[in-house]
Amino acid sequence: MNDRVREDTARRLERAMGSLGTAAMNRMDERLPWYRALSAEDRSWVGLVAQAGIAAFVEWFQHADEGRPTPSIEIFGTAPRELKRSVSLQQTVDLVRVVVEVVEAEVQELAAPGGEEQLRQAMLRYTRDVAFAAAQVYAREAEVRGAWDARLEALIVDALVRGEVDDGLHSWAAALGWTSSPVVVLAGYAPDADPQTVIDGMRDKGRRLGHDLLAGVQGDRLIVIVGGADSIKDAARHVVPRFGPGPIVIGPEVPDLHAAANSARAAVAGLRAAQGWPDAPRPVLAEDLLAERAIDGDEDARAQLIENVYKPLEGTPLLDTLATYLEQGTSLEATARLLFVHPNTVRYRLKKITELTGYQPTEGRSAFTLQVGLILGRLSRATVT
């Protein structure tokens, strides 16, 4: 008896497939604002998915008593991969719910006499499996997307560290949704914890603060690129605790991602040279490590010191005053005696040196940087001559 009822119901369902599909589309248009907002092409694909779902249910219902599993995943193969980016998992659940409502509303007409409960139970089982299938499809897509994003992120970080910046970099960044400026790069050592977990945590925190963030582990180094922060301090605040033990160096702020190679180069060079200043703050600016970077062979740091320290003083009495002051162990009186000038003249010249270079000769770190800058300047002039 049940078999005859099922067969009769299945025939009724077959005859009604077209009208059920049309009713489902009309109901979606009435009930779902996101569906109305889709492009005509995407609406067409959603319609095909709905039709495929109904057809698959009818075919399965005919043989459900044979223990056939529900064809829950196959129906999503109707749509292209791009549709999964236009329609979210929640919207897919909405779609399934609408189709179920349409069929349930017609149970009395669709089911053979005595088969109403049988049809309802079949619908419940089928829609449950479809919902699980939708979650599985979107989870798989998310994993694929996540793996692809991770590869893009690693490519961007590697390109910036290597200084290989081209139009492809912006395309990769755009694919990851990067829109922020200014940009600052931080370099330090990777923590012992799983690097991807650490990076995901940083990215989530940055998103809550309105920052863009890219990060990558290269050997034992962790490189972090932060965009959209109001200041370098703001950029570093939520990132610094995620690094492993050891120095953390912050490159200079730059206007955009294209220029971030400069910030990355300075940060990495600073990390390499940071061992030369064991008592450096954590984090430390790459600019504050110019002397150590120059000694370590960083050509950018050498050029910057020559430009900022030696050239402003070249050809003036300030250069001899600074050289003598440093050679005399920063003794004001000894410098004045050797230069045959009053100590107040030396004080005035030291003040001018600070104004021109930004470094204060009477302060230990600044005096060291000035000394390195003077040596590099002399060497550069000897090379020219």
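Residues numbered from 1 in each chain as written. Predicted model: local features only at pLDDT ≥ 70, side-chain atom pairs only at ≥ 80, totals over all residues. Heavy atoms only, no water.

Looking at an unreviewed UniProt entry, the chain carries the name PucR family transcriptional regulator, with the source organism given as Sphaerisporangium melleum. Per UniProt, the comment on the chain under Sequence similarities (unreviewed entry) is "Belongs to the CdaR family." (UniProt positions renumbered as here; feature names shortened; annotations may be inferred.)

### Remarks on the overall build of the chain
Per the secondary structure count, the chain includes 17 helices and 5 strands. Each of the 385 residues in the chain was classed as buried or not, and the buried ones make up 45%. Contacts spanning at least 24 positions in sequence make up 69% of the contacts within the chain whose residues lie at least 6 apart. Of the accessible surface of the chain, which amounts to about 19500 Å², a share of 52% is contributed by carbon and sulfur atoms. (Helix = DSSP H or I, 4+ residues; strand = E, 2+ residues; numbered from the N terminus. Buried < 20%, exposed > 50% of the residue type's maximum accessible area, 1.4 Å probe, protein only. Contact = heavy atoms within 4.5 Å. Areas by Shrake-Rupley, 256 points an atom, 1.4 Å probe, with all protein chains shown as cover.)

### Thoughts on the nonpolar core
Formed by 32 residues in total, the largest nonpolar core has its most connected members in Leu 13, Met 28, Tyr 35, Phe 57, Phe 61, Leu 110 and Leu 119. Elements with a minimum of two residues in this core: helix 1 (2-31), helix 2 (33-36), helix 3 (40-62), helix 5 (89-105), helix 6 (107-110) and helix 7 (116-162). The element that contributes the greatest number of residues to this core is helix 3, accounting for 8 residues. Filtering out sequence-adjacent residues up to four positions away, Leu 13 remains in contact with Phe 57, Val 58, Phe 61, Leu 110 and Leu 119. (Core = buried A, V, L, I, M, F, W, Y, C linked by side-chain atoms within 4.5 Å.)

### A few points about the sheet that holds strand 2 (residues 212-218)
With mixed pairing, the 5 strands of this open sheet are ordered in space as 2-3-1-4-5. Two strands lie at the open edges of the sheet, namely strand 2 and strand 5 (284-285), each paired on one side alone. In terms of strand pairing, strand 4 (residues 249-250) meets strand 5 through 2 bridges, oriented parallel. By the bridge assignment, Val 249 is partnered in strand 5 with Val 284. Contacts from helix 11 (residues 260-273) reach strand 1 (183-189), strand 3 (221-227) and strand 4 within the one sheet, and its direction differs from that of strand 1 by about 25°. (Pairing = 2+ DSSP bridges. Axes fitted to C-alpha atoms, helices over the stretch in contact; angles between N-to-C directions.)

### Notes on the pattern of salt bridges
Counting across every chain of the model gives 11 salt bridges. The shortest N-O distance in the salt bridge between Asp 300 and Arg 265 comes to 2.5 Å. Placement of Asp 300 in helix 13 (residues 299-313) and of Arg 265 in helix 11 is noted, with a sequence separation of 35 residues between them. Overall, Asp 300 belongs to the partly exposed group, its relative accessible area being 33%. Here Lys 352 ties to Glu 355 by a salt bridge, and the two come within 3.4 Å at their closest N and O atoms. Highlighted residues: Lys 352 and Glu 355, both in helix 16 (residues 343-357), separated by 3 residues, approximately one helical turn. Glu 355 sits in the exposed class, given a relative accessible area of 51%. (Salt bridge = Lys/Arg side-chain N within 4 Å of Asp/Glu carboxyl O.)

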